[in-house]
Each structure stands twice: as C-alpha cells, then as structure tokens.
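Spelled out, the chains give:
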Amino acid sequence: MGFNLAILISGKGSNMLNIVDACNNKTLSSNVKVVISNNKNSSGLAKVKEKGINTKIIDEIQIKKFEERLSKLLCEEKVDLVCLAGFMRILSESFLCNWKKKIINIHPSILPAFKGLNAVKKAIEKKVKYSGCSIHYVDKGVDTGEIIDQRIVRVSKTDNEEKLAKKILKEEHILYIKVIKTLEKEKENDKTRQ
Ligand code: GRF
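Described below are features of the structure shown in this document. Please read these numbers as outputs of a predicted model, since none were measured by experiment.

So, how was this worked out
- Residues numbered from 1 in each chain as written.
- Predicted model: local features only at pLDDT ≥ 70, side-chain atom pairs only at ≥ 80, totals over all residues.
- Heavy atoms only, no water.
- Buried < 20%, exposed > 50% of the residue type's maximum accessible area, 1.4 Å probe, protein only.
- Helix = DSSP H or I, 4+ residues; strand = E, 2+ residues; numbered from the N terminus.
- Arc of directions from axis to C-beta.
- Contact = heavy atoms within 4.5 Å.
- Expected span 1.5 Å × (residues − 1).
- Near = heavy atom within 4 Å.
- Polar contact = N/O pair within 3.5 Å; in protein donor to acceptor, adjacent residues only side chain to side chain.
- Areas by Shrake-Rupley, 256 points an atom, 1.4 Å probe, with all protein chains shown as cover.
- Nonpolar A, V, L, I, M, F, W, Y, C, P; charged D, E, K, R; others polar.
- Salt bridge = Lys/Arg side-chain N within 4 Å of Asp/Glu carboxyl O.

1. A few points about helix α2 (residues 43–50)
In step 1: G44, L45 and V48 are the residues of α2 that are buried. Down the axis of α2, the sector holding all buried residues measures 100°, keeping them to one side. Seen from the buried face of α2, the exposed residues on the opposite side, beyond 90 degrees, are K49 and E50.
In step 2: On its buried face, α2 sits against β1 (4–9), α1 (14–24), β2 (31–37) and β3 (55–57).

Quick look at the structure:
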C-alpha cells in the first residue's frame, strides 16, 4: 500500500528524482504529491517540474512561519510520509511531534558516525575503511533518530571526498527505494490487521 509522499530538498535532488522515477514506473506504489524546496535555486526543482510533478518553494526564513506553510501544504496534499533528501533545514520539535515516524531522512554515513554537515569529508579525514549511508526517522536531534536501514561502501586508498560521495550516493539511491518499499509493506500489513 502506497503513501502520499512529499519530498523536501535544498539542492540537486538526485535522490528525489530517483524516488519520483520509482513511483512513476511502479517500482513503488506511492505517489509523489509534492516536491518542496526551501531554496528557489535548487536544480532538482526545475528537473522535477519537467516531469509534471507539483513543486513548491517555501523560502520563509523564520522557522515558525516556514513550518506553518509546510504543515498547511502537507495537509492539503494529504501527505502521509515525508522524505527529506538533501534538505538543509532543521525542523523544530513542535513541528516534528505532529509527524512522529512520518518523516525520514537520508544521511551519507553509517550513523551514529559522522552526524551533521560534511559527513563524507569527516570520513575521509578519519581514514575509515568503510562508510555508507543511513536512513532514519527524524527526531529533534541532528541525524539522531531511529535508524531504519543502512548500506555500506568500502573506502579505497585513492578515494577523496568527491569520489567517496559519488560511491555513497549510488548506494543512497538503492537504499531510499528499499526503505520506502519496506514502509509500504508495513503499512499494508497494518491495514490488513485492522
Ligand atoms: C545526499 O548525500 C544525502 O545523503 C545528503 O544530501 C545529499 C543529497 O543529494 N543528506 P541529492 O540532492 O539527493 O542529490
């Protein structure tokens, strides 16, 4: 059973575009109801518009007003799962408490290692041998919510930040689809139990 999805982005949106394609080609049963960016220059927005997806920009600086507009939009679109994908704003506790276990985020590290900004750079600096990506529920902390799933990549000696980020991003695309699929199955099972 699919979700009414909202995808929140700030930048290039490759994860978002990959989710949109997976919904369009029925790999997922969900529907992307809206793609929202806090950055009007986000390159992903233009690309997804061309695919005929509903897009919105909320560039309100003040967090309370930003979240008021966001809540209204999510309710109007009957969204029941919010996917953060390179979304560079922190959501407040009061907003999140209305969306418990309904907002997920992708992060380019094996959490709980390297939370926050520059995760790939930190992994290179620490000379880790393995890194990867995690999807977690969003709570009030930065990248601290319950981990849903992860994928691992081997870091080679010749990897720099750019090369490793590319390797991880490839895994992110696989992981995001896998996690949404799992959540769709859970939703279906919950429904049949009711
Ligand atoms: C990804 O590495 C994601 O883990 C991080 O931001 C990046 C977004 O990439 N949160 P994209 O915009 O989906 O291409």
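Here the narrative resumes, following the displayed structure.
2. Looking at helix α3 (residues 63–76)
In step 1: The first and last C-alpha atoms of α3 sit 20 Å apart over 14 residues, in line with the 20 Å expected at 1.5 Å per residue.
In step 2: Burial in α3 covers these residues: F66, E67, L70, L73 and L74. Looking straight down α3, one finds that the buried residues subtend no more than 125° of arc, so they occupy a single side. For α3, exposure combined with an orientation more than 90 degrees from the buried face picks out K64, K72 and C75.
In step 3: Considering only its buried residues, α3 is in contact with β1, β2, β3, β4 (81–84) and α4 (93–96).
In step 4: K78 sits one or two positions beyond α3 and adopts a positive phi of about 55°.

3. Section: the site of the ligand
In step 1: Surveying the vicinity of the ligand reveals the residues K12, G13, S14, N15, G86, I106, H107, P108, L169 and E172.
In step 2: In the model, a nitrogen atom of the ligand is placed 3.1 Å from a nitrogen or oxygen of the I106 main chain.
In step 3: Contact between the ligand and P108: an oxygen atom at 3.5 Å from a main-chain N or O atom of the residue.
In step 4: Out of a free accessible area of 370 Å², the ligand has 83% covered by protein chains.
In step 5: Looking at the shell around the ligand, the elements with two or more residues in it are α1, β5 (103–107) and α6 (161–193).
In step 6: Grouping the constituent residues of the shell around the ligand by class yields three nonpolar, five polar and two charged.

4. A few points about the side chain of N15
In step 1: Among the structural elements, N15 can be located in helix α1.
In step 2: Excluding anything up to four places from it in sequence, N15 contacts A85, I106, L169, E172, H173 and Y176.

5. Some words on the pattern of salt bridges
In step 1: Across all of its chains, the model carries 10 salt bridges by this definition.
In step 2: Between K178 and D149 there is a salt bridge; the shortest N-O distance is 2.6 Å. Here D149 lies in strand β7 (residues 147–154) and K178 lies in helix α6, a separation of 29 residues in the sequence.
In step 3: Across the pair K167 and D159 runs a salt bridge, and its minimum N-O distance is 2.6 Å.

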